[in-house]
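Secondary and tertiary structure notes
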Amino acid sequence: MEIDVKNLTIEKAGDMMQKGKLTSVDLVSAYLENIKNKNKEINAFLEVFDDCLEQAKRADEIIKSGKGTKLTGIPIAIKDNILMEGRKVSAGSKILENYVASYDAFVIKKLKEEGVVFMGRTNMDEFAMGSSTQTSAFGVTRNPHDLSRVPGGSSGGSAAAVAGDMALVSLGTETCGSVREPAAFCGLVGLKPTYGAVSRNGIIAMGSSLDQVAPFGKTVRDAEIVFETIAGKDEMDSTSVDLVSKNFSSKRKTIGIPWHLFEEGVDKEVMENFKESVEKFRKAGFEIVDIKLPYCKYSLATYYIIMPAEVSTNLSRFDGVRYGLQKEGKDVFDSYKKSRSAGFGEEARRRIILGTYVLSHGYYDAYYNKAWKVRHAIENELKEVFKKVDFILTPTAPIPAFKLGEKLDDPVSMYLCDIFSAPANIGGVPSIALPSGVNSLNLPLSIQFMARPFHEGDLFEIGKKFEEIR
Ligand code: GLN
């Protein structure tokens, strides 16, 4: 059976399955065929599960029995830092190669209850550190729109899986831009939920005060359906809450634009496309106002203090004794050293060193404490701005997808890919990346909205509006 997977959405597929015009087995087979043809080159999946068709058969039975939900039988790809009981999970790192998860992450439990089909685990920057999926210990992932370019990162495998039609939707994680930036590079919708909207239980931690699970889809509605399924309070994550507001209002029409943040470093075509998008909203009756976010300018700098501090703490558990790679040394410290040196890649080691430095005696106040003060100033600044406007609009990334190999020897220029992502992560507010066209090389471009905490509904509303007017 020929299935037009390019134009498929969760609701279209679900509708066809409910009406008996399509089975999950047919659907999953179509995606498996694409994986067979494309994954060798794109390397979106580190592992394709060998029970996909069995899962699909079970889903078909659920649908036949009338107990199916929107997501039953839908093929989904999962980032390699989200635990699935009995399956390997490596966070893209040698240190966890062949590690098998002993329990399901909260988000996986939620998806299992719906009867989704897990297609496989997707490639990522090692421990989610990176913006291009080039720091994975298991090879780079290529952008399906142009195989000579990166898909973005760190959730590049999950983005490439959907953009390459190897899964209908996928899960990534965001600490700072790791879903929105690859969504931008791959022409997808990517949602970064409010911190606390989704449980972090069963996610391999990077920066615990920032990490969030986040969906990719080709449409806003697809991202919304996945988000609504995985959001909510979980007893196992005390930072998770049940606050997501289902009430959105189409009356929310004021868009604030911090023009002063784009004065330098933004690609010309990205800027032109952004201005065109702004005009579309103006014509559609939105009020566009100029806003100033003086503290947000320091979001990325703040991130590169707080995140490494948390990374150095979170990654200390990988000592070659309790998990993963183990190297024999002459004593216990020597084995730690040998295991960690062999297991962690360059970027992970750089961040552990940076984090240890900012947390060490004498530097703690100067760096770490100061960064937290700036973080609170950014949170307050956003709170104040959201009294005046309903949305903040910026380009998602300052540049389109770049060439493989680029920026690897210049970490700061890699970090700058997240210059516009950082305020939402540091400020804890939700944000959505939306495809906004292509540049002269046919590479996807993207705009992003931020909204008040727990107002994901507003983001879906304005995202759907943009799908009509863009
Ligand atoms: N690119 C950012 C970094 O390298 C974001 C990582 C993330 O969101 N997981 O830290």
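Structure report, in brief. Since the model is a prediction, treat every value here as computed from it, not as a measurement.

Here we look at the packing of aromatic side chains
- On inspection of all chains with the given rule, the structure shows 21 aromatic pairs.
- Here the aromatic rings of Phe281 and Phe286 are separated by 5.2 Å at their centres, their planes lie at 90°, and the arrangement is edge-to-face.
- Judged by relative accessible area, which is 0%, Phe281 ranks as buried.
- For Phe286, a relative accessible area of 8% puts it in the buried group.
- The interplanar angle of 20° and the centroid separation of 5.2 Å between the aromatic rings of Phe281 and Phe466 together place this pair among those described as stacked. Of this pair, Phe281 sits in helix α8 (residues 268-283) while Phe466 sits in helix α15 (residues 456-469), and the two are 185 residues apart along the sequence. Neither Phe281 nor Phe466 differs from the other in exposure class; each is buried.
- Within the aromatic cluster, the residues linked to one another by ring pairs are Tyr99, Phe127, Phe318, Tyr323 and Phe344.
- A cation over a ring is seen here: Arg87 above Phe49, with NZ or CZ 3.9 Å from the ring centre.
- The aromatic ring of Phe286 is capped on one face by Lys253, whose charged end is 4.6 Å from the ring centroid.

Description of the environment of Ala401
- With respect to the helices and strands, the residue Ala401 is situated in the loop between β9 (391-395) and α13 (411-415).
- For Ala401 and Ala13, which are 388 residues apart along the polypeptide, the C-alpha to C-alpha distance reads 30 Å.
- Discounting chain neighbours no more than four positions away, the residues touching Ala401 are Asn143, Arg149, Val150, Phe185 and Leu443.

Quick notes on the packing of helix α7 (residues 220-230) against α15
- Running from N to C, α7 and α15 point in directions that differ by 160°, and their axes come no closer than 9 Å. Classed by the angle they form, the pair α7 and α15 counts as roughly antiparallel. Considering the relative orientation of α7 and α15, their crossing is left-handed. Residues Val220, Arg221, Ala223, Glu224 and Phe227 of α7 form the contact with α15, whose own contacting residues are Glu456, Phe460, Gly463, Lys464 and Glu467.
- When the residues that make up the contact of α7 with α15 are grouped by side-chain class, the tally is 4 nonpolar, 1 polar and 5 charged.

Things to note about the pattern of salt bridges
- Counted by the stated rule, this structure contains 27 salt bridges.
- For Asp319, the salt bridge identified is with Arg322, shortest N-O distance 3.2 Å.
- In this structure Asp319 comes out as buried when scored by relative accessible area, which is 8%.
- Judged by its relative accessible area of 57%, Arg322 is exposed.
- Several salt bridges share partner residues, and in doing so they unite Glu11, Arg221, Glu224 and Lys464 into one network.

Rules used throughout
- Residues numbered from 1 in each chain as written.
- Predicted model: local features only at pLDDT ≥ 70, side-chain atom pairs only at ≥ 80, totals over all residues.
- Heavy atoms only, no water.
- Phe/Tyr/Trp six-rings, centres within 6.5 Å; stacked < 30°, edge-to-face > 60°.
- Buried < 20%, exposed > 50% of the residue type's maximum accessible area, 1.4 Å probe, protein only.
- Helix = DSSP H or I, 4+ residues; strand = E, 2+ residues; numbered from the N terminus.
- Lys NZ or Arg CZ within 6 Å of the ring centre and 35° of its normal.
- Contact = heavy atoms within 4.5 Å.
- Axes fitted to C-alpha atoms, helices over the stretch in contact; angles between N-to-C directions.
- Parallel < 35°, antiparallel > 145°, perpendicular 65-115°, else oblique.
- Left-handed = near helix turned anticlockwise from the far one by under 90°.
- Nonpolar A, V, L, I, M, F, W, Y, C, P; charged D, E, K, R; others polar.
- Salt bridge = Lys/Arg side-chain N within 4 Å of Asp/Glu carboxyl O.

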